[in-house]
Amino acid sequence: MGDKRATLAEAMATVPDGARIALGGNTLHRGPGAAVHEIVRQAKRGLEIVKTAGAYDVDLLCATGCVAVVSAGFVGYETPFGMAPAYRKAVESGVVEAREHACATVIAGLRAAIQGVPFMPVAGLQGSDLPAARGFRAVADPYSDAQVYVVPALIPDVAILHVQEADSAGNGRILGTRFEDVLMAQAARRVVLTAERITDGAAFAEAPESVAIPGFLVDAVVSAPGGAWPFSCTPHYGYDAPYLASWVAAAAEPATARDFIASHILTSTPVPA
Amino acid sequence: MGDKRATLAEAMATVPDGARIALGGNTLHRGPGAAVHEIVRQAKRGLEIVKTAGAYDVDLLCATGCVAVVSAGFVGYETPFGMAPAYRKAVESGVVEAREHACATVIAGLRAAIQGVPFMPVAGLQGSDLPAARGFRAVADPYSDAQVYVVPALIPDVAILHVQEADSAGNGRILGTRFEDVLMAQAARRVVLTAERITDGAAFAEAPESVAIPGFLVDAVVSAPGGAWPFSCTPHYGYDAPYLASWVAAAAEPATARDFIASHILTSTPVPA
Amino acid sequence: MIDSAASPAPWDMMAVAMARLLNSGETVFHGVASPLPMVATLLAKHLHAPDLTYLNITGAVDAEPERLPVSTVDPALLHGTRALVTLADLFDLSARGKLDVAFLSGVQIDAEGRINLSAIGPYDHPAVRLPGGAGSAMLMPTARRVILWRTKHDRRTFVERLDFVTAAGNVDRVVTPLGIFARRGSRLEVESMHPGVTPAAFRDATEFPVAVGLDTPVTLPPTVEELTVLRAIDPDGVVRSEFA
Amino acid sequence: MIDSAASPAPWDMMAVAMARLLNSGETVFHGVASPLPMVATLLAKHLHAPDLTYLNITGAVDAEPERLPVSTVDPALLHGTRALVTLADLFDLSARGKLDVAFLSGVQIDAEGRINLSAIGPYDHPAVRLPGGAGSAMLMPTARRVILWRTKHDRRTFVERLDFVTAAGNVDRVVTPLGIFARRGSRLEVESMHPGVTPAAFRDATEFPVAVGLDTPVTLPPTVEELTVLRAIDPDGVVRSEFA
């Protein structure tokens, strides 16, 4: 396989305005923090974010005007820091469309994309206002006439995933929870990996089941030590609680958010404290 | 988790006549040989076998009158030993129904079972006589009106899988290719594992991604050293070519098949040469 | 509203009450932002339900965390797991009827036990955009039992009418700082009030009508054994984090 | 029908001809019972297509087997792989249009390149129940290019009418011991005959009409380099196994 190494700037430069981007990780954990910061610096516009449960990534990209649509099941910092202020404001003011999902319908949409079919049936949703709000249709099972909700294929233009180790061919090893990263890598038209470290990958052949992302699905791999920060990246570091607390406080007001972004993101590449 | 260890005879005694059984492995590799032999000794009747690509397992169970239906995409010994004589005879004489699948439609049916939905859309099948022969229906995508084939859920009553290592709680480690074993374990109402060795599983916590079958899906786990034989079980042993060659030769005629089964299976538990 | 002199701390009472609802042999799942379910499930497993299967969004199975995190997606919850499943696997487990208990919450909860986690005010122009229902719309109709918990019990939480129905389904119990609702038919009824809670206080905190009186049972306070095991599992008091 | 003095061994000719059809950068898949595709894919990767991605039913990606097995599901094909995908993953890859080449075969093949692997005679009361089409019904319409190979080239194989259409779709080439068909529009046309094969022999071995004559191109025989690499990859001659 060819050498797919690229710089973070090069890899993110391939993400066009208006792209539908799937971001790996979940809430405070193993999100592609460095890639998200580069997207802010490159001032992308009109992005759609696909994720089951987002936090700082969604919130920051809303604060910086990069986002038009958020397709997610949950956006918040969980119990540690609560709701996502910039995301809230952007949706409440109508600047960003919250294309609300159940996490399971994000997965169903990705599964349809992966399996090359236009829709995926999904159990549940009965009694919820979501199908009506989102236009999820029910179809009749041709074998029983039972009605089942189906979710349209959700095909990301780019999946951006942070892994603990990768080789130059794009084989990516994930330690611990894989979240929806593997589904995103299969569903997306293009895949960009950022990795804590790029190695020769010789050890991968000893334990190929530890390689979550096969290289042939990957278009670019970026060396990004600390590249999940401020998200956690087990076993290397936890999420940066003081940083996230200060961001959430700043994010409540546009002026303070702007100052925070200018000093922490635009002028420098943040790295783990 | 409780201790799920059982003897092979106990575990197979829970398989009723007429059950739909999913058998792990593929063609000559990591099939549950010992369990299949016990099914023969217990003289089950009217079974439906679910597998993408079967060989000795399907052929032997057809020769012994255990099977009514074979739901598979391929039945044969590949290039080494060619077609499955007893399966052929049983289908050609109308004793066994070949419920032919594309391997992908076996997977689609299992996926529907796993996801708790009545059907699963599947790409392809256009131009094939299979949908008409099998009654696979097409439905209109409610979002585009495109027609897509859908396969009904295929729910095995029991999945019978051979793994290299398991603990008493039923956590099963598979080395090498997992084939459809994981899908079968999720789709089936009950799961029986046979294992080359049962250990305390302490090492599983060091590499949980090597544990293909989580114990909470498993109902019984059987210590069965050599339990894949005459199938291969990497890295412990390859398939038993001389044994399979002699079986395929014997299987061509009911009389020779009967003698072979009497001397090799009914009177003893075969073990690797 | 709770006379703390006569009553246990609400976090202890809720964790213990939730743990008592779990049975050995059951498969139990919690998702994001769920410290109380995390503590309650581990508590039940250490007390009366050793064969309970503890599942959570990390994909761990019966993990034995060395420390309890405030984020319930934290890798700390992987410690000791012998298998790693995915969130998709866990939703599928529920979808095919093999998930016994799912813990969910709601910013608004109505008398039928339906929940709103989506928006306050008009859905398309919300006064407050909430985080969203995560797995609830799929889990509530498919899990065998749904246990709702909410650390706020007031008239803005337990409402006559939801602004949006994020999810509805197989609610079994609702545990709050004031007491426990059980669903009878299609409606929530008060099963018990926690020690020190008066019928008037419970009624005043609930917008929809509830039948409570002096004959309403009182929740058994946490026993010494329950509190001892709880402190051992959660020495840092993560159980209090949802009350911050 | 092949003048072996003037011509290469059919297994060598077929393996080389199949390898020449593969391009660097392509994703290439074979399934069960596929020794010639296995050898041809590895041969192409060692010759002109180093960046070809070799996928097979074992789930290995670009494995470098130390020995070639006769069963093409054999764990020997896992050697050196850095990732393990599943058969379901590989079908999905084709389903979403990202599989460039699938190798398939047929017991009967018609003039449109459709295949029968299901039954000879009436489907419901077959004279011969065949092994079945494995992945073909799903792969033929979805893979970008399907390369058929068959080691028998006779009138019972290349037929006017299939007894059953197991699969149909994106056939690009058909490689046999006598030559190579290419699909033009909806029909197979003879692209070349292998060295030593006469137009009469080719015609007589094919039930459906084929345009062959003295102006029909002759397949370039295996070069010394091709045969040298082939012997190095396959010292045990697994390439001959389908002719046994």
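Above this text you will find the structure in question.
Please read all numbers here as calculations on a predicted model, not as lab measurements. (Residues numbered from 1 in each chain as written. Chains lettered and ligands numbered in written order. Predicted model: local features only at pLDDT ≥ 70, side-chain atom pairs only at ≥ 80, totals over all residues. Heavy atoms only, no water.)

Asks: What's the story with the overall build of chain C in this structure? I'm lost.
Replies: Within chain C, the regular secondary structure consists of 6 helices and 11 strands. For 244 residues, the compact-globule estimate of 2.2 N^0.38 gives 18 Å, and chain C sits close to it at 17 Å. A principal-axis box enclosing the C-alpha atoms of chain C has dimensions of 50 × 45 × 30 Å. Expressed as a percentage of its 244 residues, the buried residues of chain C come to 66%. Taking the intrachain contacts of chain C between residues at least 6 apart in sequence as the baseline, contacts between residues at least 24 apart amount to 68%. Accessible surface for chain C amounts to roughly 8,600 Å². Of this, 52% is attributable to carbon and sulfur atoms. (Helix = DSSP H or I, 4+ residues; strand = E, 2+ residues; numbered from the N terminus. Rg over C-alpha atoms; globule rule 2.2 N^0.38 Å. Buried < 20%, exposed > 50% of the residue type's maximum accessible area, 1.4 Å probe, protein only. Contact = heavy atoms within 4.5 Å. Areas by Shrake-Rupley, 256 points an atom, 1.4 Å probe, with all protein chains shown as cover.)

Asks: I keep staring at the pairing of strand β6 (residues 119-122) of chain A and nothing clicks. Help me out?
Replies: On a regular strand, each side chain points to the face opposite its neighbour's, so the side chains alternate between the two faces of the sheet. All names here are of chain A. Of the two faces of β6, the one holding Phe 119 and Pro 121 and the one holding Met 120 and Val 122 are both buried throughout. Here β6 runs beside strand β8 (residues 147-152); their pairing, made up of 4 bridges, is antiparallel. By the bridge assignment, Phe 119 is partnered in β8 with Pro 152. (Pairing = 2+ DSSP bridges.)

Asks: I'm lost on the nonpolar core in this one. Help?
Replies: Where a protein is soluble and globular, its nonpolar side chains tend to be buried together. One finds Leu 148, Phe 181 and Phe 202 of chain C together with Leu 148, Phe 181 and Phe 202 of chain D to be the most contacted residues of the largest nonpolar core, which totals 192 residues. Apart from the residues within four sequence positions on either side, Leu 148 of chain D is in contact with Leu 104, Ser 105, Ile 109, Gly 113, Ile 115, Met 140, Val 171, Arg 173, Val 174 and Val 175 of chain D. With 57 residues, the next largest nonpolar core counts Leu 28, Leu 60, Tyr 77 and Ala 251 of chain B among its residues. (Core = buried A, V, L, I, M, F, W, Y, C linked by side-chain atoms within 4.5 Å.)

Asks: Sorry, what's going on with the sheet that holds strand β8 (residues 145-149) of chain C here?
Replies: For sheets, the rule is that strands pair by backbone hydrogen bonds, running either parallel or antiparallel. Residue and element names in this part refer to chain C. Read from one edge to the other, the open sheet built from 7 strands follows the order β2-β1-β3-β8-β9-β10-β11, with strand pairing classed as mixed. Across the chains shown, the open sheet's two edge strands, defined by having one partner strand only, are β2 (53-56) and β11 (187-193). For this sheet the average axis-to-axis angle between neighbouring strands, irrespective of direction, equals 25 degrees. Set on the sheet, helix α1 (residues 10-20) makes contact with β3 (101-104), β8, β9 (171-175) and β10 (179-184); between it and β9 the angle comes to about 160 degrees. (Axes fitted to C-alpha atoms, helices over the stretch in contact; angles between N-to-C directions.)

Asks: What's the story with the environment of Ala 166 of chain B in this structure? I'm lost.
Replies: All names here are of chain B. Tracing the backbone shows Ala 166 in strand β8 (residues 158-166). When the C-alpha atoms of Ala 166 and Val 222 are compared, they prove to be 8.9 Å apart, with 56 residues separating the residues in sequence. Here Ala 166 is in contact with Asn 171, Gly 172, Ala 195, Arg 197, Ile 198, Thr 199, Phe 204 and Val 221, once residues within four sequence places are set aside.

Asks: Explain helix α6 (residues 103-115) of chain B here, please?
Replies: All names here are of chain B. In this model α6 runs 18 Å from its N-terminal to its C-terminal C-alpha over 13 residues, within 8% of the 18 Å that 1.5 Å per residue would give. By the criterion of burial, α6 is predominantly enclosed, with 13 of the 13 residues buried. Gly 116, located one to two residues past α6, shows a positive phi value of around 65 degrees. (Expected span 1.5 Å × (residues − 1).)

Asks: I tried to follow the interface of chain A and chain C on my own but got confused; where do I start?
Replies: One frequently used descriptor of interface size is the decrease in accessible area upon assembly of the parts. Listed by partner, the interface residues are 42 residues for chain A and 41 residues for chain C. Contact between chain A and chain C buries roughly 3,200 Å² in total, counting both sides, with carbon and sulfur atoms accounting for 63%. Summed over the shared surface of chain A and chain C, the result is 2 salt bridges. Linking chain A to chain C there are 17 residue pairs in polar contact (both at pLDDT 80 or more). (Buried area = accessible area lost by both parts, 1.4 Å probe. Salt bridge = Lys/Arg side-chain N within 4 Å of Asp/Glu carboxyl O. Polar contact = N/O pair within 3.5 Å; in protein donor to acceptor, adjacent residues only side chain to side chain.)

Asks: I keep staring at the environment of Ala 19 of chain D and nothing clicks. Help me out?
Replies: Residues and elements named next belong to chain D. Along the chain, Ala 19 turns up in helix α1 (residues 10-20). For the pair Ala 19 and Ala 44, spaced 25 residues apart in the sequence, the C-alpha separation amounts to 4.8 Å. Setting aside its immediate chain neighbours within four residues, Ala 19 contacts Ala 40, Leu 43, Ala 44 and His 48.

Asks: Looking at this structure, how should I read unusual backbone geometry?
Replies: Residues and elements named next belong to chain B. The linkage connecting Trp 229 with the following residue, Pro 230, adopts the cis geometry, with an omega of 10 degrees. The omega torsion of the bond from Thr 234 to Pro 235 falls at 0 degrees, within 30 degrees of zero and hence cis. Its location among the elements puts Pro 235 in the loop between β12 (220-223) and α9 (241-251). One non-glycine residue, Phe 179, lies in the positive phi region at around 50 degrees. Checked against the element boundaries, Phe 179 lands in the loop between β9 (172-173) and α8 (181-187).

Asks: Can you help me understand the interface of chain C and chain B in this one?
Replies: The interface is formed by 17 residues belonging to chain C together with 22 residues belonging to chain B. Of the roughly 1,500 Å² buried between chain C and chain B, counting both surfaces, carbon and sulfur atoms make up 54%. Sorting the residues of chain C by area buried against chain B places Arg 82, Arg 96 and Lys 98 of chain C first, and these three jointly supply 40% of that buried surface. Summed over the shared surface of chain C and chain B, the result is 1 salt bridge.

Asks: I tried to follow the side chain of Arg 173 of chain D on my own but got confused; where do I start?
Replies: Its location among the elements puts Arg 173 of chain D in strand β9 (residues 171-175). Among residues more than four places away in sequence, those in contact with Arg 173 of chain D are Leu 21, Val 146, Ile 147, Leu 148, Ile 180, Phe 181, Ala 182 and Glu 191 of chain D.

Asks: Could you clarify how one ought to interpret the environment of Ala 134 of chain D in this entry?
Replies: All names here are of chain D. Turning to its location among the elements, Ala 134 is positioned in the loop between β7 (128-129) and α4 (136-142). By relative accessible area, which is 15% here, Ala 134 ends up buried. Between the C-alpha atom of Ala 134 and that of Thr 166, which follows or precedes it by 32 residues, the distance is 9.5 Å.

Asks: Any chance you could explain the pattern of salt bridges here in plain terms?
Replies: Proximity of charged atoms lets side chains of opposite charge pair with each other. In this structure the tally under the stated criterion is 52 salt bridges over all chains. Linking Arg 20 of chain B and Glu 48 of chain B is a salt bridge whose minimum nitrogen-to-oxygen distance equals 2.9 Å. Taken together, the positions of Arg 20 of chain B in strand β1 (residues 20-23) and Glu 48 of chain B in strand β2 (residues 47-54) put the pair 28 residues apart, joining distant regions of the chain. The exposure class assigned to Glu 48 of chain B is buried, which follows from its relative accessible area of 8%. Two residues, Arg 231 of chain D and Asp 12 of chain D, come together in a salt bridge whose shortest N-O distance is 2.6 Å. With a gap of 219 residues between them, Arg 231 of chain D in helix α6 (residues 224-233) and Asp 12 of chain D in helix α1 connect regions that are remote in the sequence. Residue classification places Asp 12 of chain D among the buried residues on the basis of a relative accessible area of 6%. Three or more residues are tied together by salt bridges with common partners; here these are Glu 26, Arg 145, Asp 172, Arg 173, Arg 184, Glu 189 and Glu 191 of chain C.

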